[in-house]
Amino acid sequence: MQVFYANQFVLPLPPGHRFPMGKYQLLRDRLAAELPGIRLMQAEPATDGELALVHTPAYIQAIGDGSVDPKVMREIGFPWSTAMAERARRSVGATIAACRAAFREGIAANIAGGTHHAYADKGGGFCVFNDAAVATRLMQAEHARRSRTQLLVAIIDLDVHQGNGTARIFRDDPAVFTLSLHGQKNFPFRKEAGDLDVDLPDGTRDDAYLHALERALEELAHRFDPGLVIYLAGADPHEGDRLGRLKLTWDGLEARDRRVFDWAWQRGVPLAFAMAGGYGTRMEDTVQVQMNTFGAALAYAARWHNRPR
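Let us look at the structure shown here. (Residues numbered from 1 in each chain as written. Predicted model: local features only at pLDDT ≥ 70, side-chain atom pairs only at ≥ 80, totals over all residues. Heavy atoms only, no water.)

### Regarding unusual backbone geometry
Item 1. The amide bond that connects F187 to the next residue, P188, takes the cis arrangement and shows omega of -5°.
Item 2. One non-glycine residue, F126, lies in positive phi territory at about 70°.
Item 3. Mapped onto the elements, F126 comes out in the loop between β3 (107-110) and α6 (131-147).
Item 4. Within the chain, R245 stands out as a residue other than glycine whose phi angle is a positive 70°.
Item 5. When you line up the elements, R245 lands in the loop between β7 (228-232) and α9 (250-267).
Item 6. Accessibility expressed as a relative area gives 38% for R245, which makes it partly exposed. (Helix = DSSP H or I, 4+ residues; strand = E, 2+ residues; numbered from the N terminus. Buried < 20%, exposed > 50% of the residue type's maximum accessible area, 1.4 Å probe, protein only.)

So this is what it looks like as structure tokens:
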């Protein structure tokens, strides 16, 4: 299974910053050491033209040259730097590459990504550019050139925070279905209406979460027939997450992942996934959630490779 990374581009963050930048290197190191079925590949940066499929030219330029409004940077939560701008491009590039690989091999991943709080003209919540949105638009354009038909894309967002930027970008687009399960009282406090939003109360545990997910996937199947799934496999619903406020166990989150992978597998739909959020009190717990996601994904990669052509 191909997995794309950009963890060598590290944001210079001030001491005490709450974003766990080190988790990406820890995850990459563990994937390399423990899951030999994964092929780690460096992501190329998204181009201005690719970013402009979603983001405004003025915003792209401002992020690139550092002229972005300080208020926007405060909303993003990172100080501006050339490394930040490059990493944001690479994170989008990794999801683009994962989508292309998924069309060839069934399933592929981005170690980072899931930057779903970014709007067309601004970022927010540690998100600069919206990788899933840009990848969706680019895959649709490439598909149209190849087949002259429209590619339908489902974005299944299981980060604990609602993907407000993604929902807003695709609000009036019938070719993209946005599904989100998220904490009702968690960030962002002003939600955007997606195609299917499931609000969960604080303290939701495995059984209630998985029941809600199964019902949501049934509704997705009833309303939409995608040719590509982009899955945001956030680690932040874990019971040990500082920002999550839900109470899912490692086993519950792995069962969540298997349900999404199985939903796509049963329908023969390629799936690309990104890791989205994770803010564990212990960074190692976040990485373990993510390792379990990759372990489950590898099993589905093997099934894809053995699938009759």
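### A short note on the sheet that holds strand β5 (residues 176-183)
Item 1. Read from one edge to the other, the open sheet built from eight strands follows the order β2-β1-β3-β8-β7-β4-β5-β6, with strand pairing classed as parallel. In this open sheet, the two edge strands, each paired with only one partner strand, are β2 (39-42) and β6 (196-200). Strand-to-strand, the axes of this sheet are offset by a mean angle of 15°, without reference to chain direction.
Item 2. Here two bridges tie strand β1 (residues 2-5) to β3, and the two strands are oriented parallel to one another. Of the residues in β3, the one forming a bridge with V3 is A109. (Pairing = 2+ DSSP bridges. Axes fitted to C-alpha atoms, helices over the stretch in contact; angles between N-to-C directions.)

### Re the packing of α9 against helix α10 (residues 283-305)
Item 1. Contact geometry of α9 with α10 gives a least axis separation of 9 Å together with a crossing angle of 30°. Relative to α10, the element α9 is oriented roughly parallel. Considering the relative orientation of α9 and α10, their crossing is right-handed. Judged by residue contacts, W250, L253, E254, R256, D257, R258, F261, D262, W265 and Q266 of α9 engage D285, Q288, V289, N292, T293, A296, A297, Y300, R303 and W304 from α10.
Item 2. Of the residues contributing to the contact of α9 with α10, the split by class is nine nonpolar, four polar and seven charged. (Parallel < 35°, antiparallel > 145°, perpendicular 65-115°, else oblique. Left-handed = near helix turned anticlockwise from the far one by under 90°. Contact = heavy atoms within 4.5 Å. Nonpolar A, V, L, I, M, F, W, Y, C, P; charged D, E, K, R; others polar.)

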